[in-house]
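# A look at the structure
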Amino acid sequence: MTSIHPLLLAILLAAPAAAQTDIVYTIPRPAGVPHDWASRMFALPDLDGDGVGELGLGTRTHGAGKVAWVHSGANGALLFALAVPNVPLFFGQSLVAVDDRDGDGVRDLVMVGTHSGAANSPDGWIEVYSGAHGGLLAHMVPPAGIVLMEGPAIALGDVDGDGHTDVLCRADPVAAIGSPHLQLFSGATGAALYSGVAEPPGSNIGNKVVRLEDRDGDGVDEFATTGLDALGPRVDVRSGLTGHVLAVHRGPSIGLLSGNNEPLVRTPDRDGDGLDDLAVGTFFEDLARNFSSSTGSLLNQWSSSPASSLFAFLMVAPGDLDLDGTGDLLTVEQQTDGQGNVIGTALVGLDLAGAQPIFSHLVPELGGPYDAALVELPGADPWGFASFATFEDGADAVRVRRYAPEIGMPYCASTPNSTGQAATMRALGSASLARDLLVLEARGVVPSKFGLFFYGPSAVQMPFGSGFLCVGGGATGIARLPVGMSDGSGRMTHRLDFGAPPTPATQITAGSTWHFQCWFRDPGQASGFQTSDAVAVTFLP
């Protein structure tokens, strides 16, 4: 290997400053859907058997026709739509995966219809739909006197032991029977399972809710929820079995939760007590906080960047953004120019283990608090990078995006190919051999043409075909990776297999530096081929 000066080594290990997310695919707004199409989004389990969870899109609209749509998480194709009759309930705000109700081997879905305030609005419906084709399987109503309200709904497992998943929904509390703000309904009958729960007078609890692991040893998962009472903002941890309060967290660690749908997110255990923790976004303070779910103590806090506002009005846990082995957070903020004019909303990655953002990517099409939507979508990126879906009002579309850390140091020149573009090379993922995720990507190549990536131990620049050769063979020779083909957008990718080098001499080891480049066919050039620029990567254990 060529020796590397320590300063150059530091440069090679540094990620480029202009980090951004990539669009995996786009779902344009279909014709004839309600104006608030995709204002609600849901991560669903794999329903079509391809190993990737699906994406649910919803609305906030009175019944009559299609109110929710289920798309393939792998490619965005529409799988089916869910329809309701003409009834004055709000549908499409919640879509929950439950157990297989019809025995076809596919998990089914529950959609909750909530009281709309109209004079003839029912108290609520609980509709069960096929997860295979979207047909209605069962219709249930809450017990008399319990009114389903706008708000979240989650699956809480089979709490009553009847073999079916039960669903936790927001409801008007009924003091006479002790029915709480968040009521658990039997997935089989719609019966209310919580009773004898006293809520604080005048309280408003249940704005957001997340499932937590069992805390009290009864074998049933718990849940956390946000709300307000006479003492101010609170985050409750409640029993999944009974609905009773197990703990109430208040004060600086949770911040100013105003009841305006501030996000609540479950995070990995950060305080070492063996229990997952929680994060909240308080956008009126421009803060996001991570706190202990057991003690309420503050674990980490992030603030908005300069010249921005409404930090953390949306927040999700998309997985491990920076590939350090710990799940992270993804949030948003509105950014402004020097005159205070809003120029767009930025996606911001937050490192749970650190105080600095992982990245900030301005997406002008992403709307503000009343227009944007965000949901994690694990598995949507075929290479395994953290992926998520956004509703982007400016594009009138849902876009599934990923964040792939860019590593290494670009170098060398690339000349325009027959498309008029110069192909650029990126190394995406981690330089760690143990992490075993490094994807080579070239953009701006000629679409639908054969090509390959190659690497070697040294950097050169010499004429080669219609471009430049940027990789030298040195003592090992050049390693040629398998032939592939660029896609229709002119992108070519290859995941590096550290365990299968092209030759023994080109085995990548910790501490070694290698140089990568892409070669591709270009019939529009006299030489018949062209190259990208190159990137150098120094590898870690």
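A few points on the structure. (Residues numbered from 1 in each chain as written. Predicted model: local features only at pLDDT ≥ 70, side-chain atom pairs only at ≥ 80, totals over all residues. Heavy atoms only, no water.)

Attention now moves to the state of the cysteines. For the coordinates displayed, the defined rule picks out 1 disulfide. Cysteine Cys 518 remains unbridged, with the sulfur of Cys 470 as its closest cysteine sulfur at 11 Å. By relative accessible area, which is 0% here, Cys 518 ends up buried. (Disulfide = S-S within 2.5 Å. Buried < 20%, exposed > 50% of the residue type's maximum accessible area, 1.4 Å probe, protein only.)

What follows concerns the pairing of strand S37 (residues 467–472). Taken across its 6 residues, S37 has 5 buried, putting it largely inside the fold. Across 5 bridges, the pairing between strand S36 (residues 458–464) and S37 is antiparallel. Bridge assignment links Pro 463 to a residue of S37, and that residue is Phe 468. (Helix = DSSP H or I, 4+ residues; strand = E, 2+ residues; numbered from the N terminus. Pairing = 2+ DSSP bridges.)

Our focus in this paragraph is the pattern of salt bridges. Summed over all chains, the structure comprises 24 salt bridges. For Asp 22, the salt bridge identified is with Arg 426, shortest N-O distance 3.2 Å. Note that Asp 22 is positioned in strand S1 (residues 22–28) and Arg 426 in strand S33 (residues 424–429), a separation of 404 residues in sequence. A relative accessible area of 3% means that Asp 22 is categorised as buried. By relative accessible area, which is 11% here, Arg 426 ends up buried. One salt bridge connects Glu 392 with Arg 399, and the closest N-O pair in it is separated by 2.9 Å. Grouping residues by exposure puts Glu 392 and Arg 399 together as buried. (Salt bridge = Lys/Arg side-chain N within 4 Å of Asp/Glu carboxyl O.)

As a further point, take the sheet that holds S1. Read across the sheet, 4 strands follow the order S1-S30-S29-S28 without closing on themselves; strand pairing throughout is antiparallel. With partners counted over all chains shown, the strands left at the sheet margins are S1 and strand S28 (373–376), one partner each. Averaged over all pairs of adjacent strands, the angle between strand axes in this sheet comes to 20°, irrespective of strand direction. Where S1 and strand S30 (residues 397–403) come together, 6 bridges link them in antiparallel fashion. Along S30, the bridge assignment pairs Ile 27 with Val 398. (Axes fitted to C-alpha atoms, helices over the stretch in contact; angles between N-to-C directions.)

Inspection of the entire model under this criterion finds 10 aromatic pairs. For the ring pair Trp 37 and Phe 391, a centre distance of 6.1 Å and an interplane angle of 85° mean the geometry is edge-to-face. Here the residue Trp 37 occupies a position in the loop between S1 and strand S2 (40–44), and Phe 391 occupies one in strand S29 (residues 386–392), the gap between them amounting to 354 residues. Owing to a relative accessible area of 0%, Trp 37 belongs among the buried residues under this scheme. Consider the rings of Tyr 455 and Trp 514, whose centres lie 5.4 Å apart with planes at 85°: the pair is edge-to-face. Of this pair, Tyr 455 sits in strand S35 (residues 450–456) while Trp 514 sits in strand S41 (residues 513–521); the two residues are 59 residues apart in sequence, bridging distant segments of the chain. For Tyr 455, a relative accessible area of 2% gives the class buried. For Trp 514, a relative accessible area of 1% corresponds to the buried category. An aromatic cluster of three or more residues is present, and its members are Tyr 455, Phe 498, Trp 514, Phe 516 and Phe 539. Over the ring of Phe 90 we find Arg 60, and its NZ or CZ is 4.1 Å from the ring centre. (Phe/Tyr/Trp six-rings, centres within 6.5 Å; stacked < 30°, edge-to-face > 60°. Lys NZ or Arg CZ within 6 Å of the ring centre and 35° of its normal.)

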